[in-house]
Amino acid sequence: MTPASMMSMLDACIAMCQTCMDMCMMHADESEVCKMCAQACQACMDACMAMKDMMMAG
């Protein structure tokens, strides 16, 4: 896997997590499952961003 393809996959993952998180947050006040999903999406997004930062630094 090339660094460029890895960056593209990380960008796609971040975009999907953001969209899912936004949708889940609309229902988080009424649904514990949606709240947990939004938190999981945020954690995944944070991990992808951290990986991108490490790749760009090194």
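Structure first, text after, so check above.
All values derive from a computational prediction rather than experimental measurement. (Residues numbered from 1 in each chain as written. Predicted model: local features only at pLDDT ≥ 70, side-chain atom pairs only at ≥ 80, totals over all residues. Heavy atoms only, no water.)

Colleague: Can you lay out the packing of helix α1 (residues 3-25) against helix α2 (residues 32-57) for me, pointing to particular residues and giving the numbers?
Modeller: Their axes nearest at 8 Å, the elements α1 and α2 cross at an angle of 155°. By the criterion of interaxial angle, the relationship of α1 to α2 is roughly antiparallel. Along this stretch, α1 crosses α2, giving a crossing that reads as left-handed. (Axes fitted to C-alpha atoms, helices over the stretch in contact; angles between N-to-C directions. Helix = DSSP H or I, 4+ residues; strand = E, 2+ residues; numbered from the N terminus. Parallel < 35°, antiparallel > 145°, perpendicular 65-115°, else oblique. Left-handed = near helix turned anticlockwise from the far one by under 90°.)

Colleague: Just give me the short version of the state of the cysteines, but keep the residues and values in it.
Modeller: Applying the stated criterion to the full structure yields zero disulfides. Cysteine C20 shares no disulfide, and the gap to the nearest cysteine sulfur, in C41, comes to 3.3 Å. (Disulfide = S-S within 2.5 Å.)

Colleague: Help me get a handle on the pattern of salt bridges, residues and values and all.
Modeller: Within the structure shown, the criterion is met by one salt bridge. Here D11 and K52 are joined by a salt bridge, their closest N and O atoms 2.4 Å apart. Remark: K52 occurs in helix α2 and D11 occurs in helix α1; sequence separation between them is 41 residues. Its relative accessible area of 18% is what places K52 among the buried residues. (Salt bridge = Lys/Arg side-chain N within 4 Å of Asp/Glu carboxyl O. Buried < 20%, exposed > 50% of the residue type's maximum accessible area, 1.4 Å probe, protein only.)

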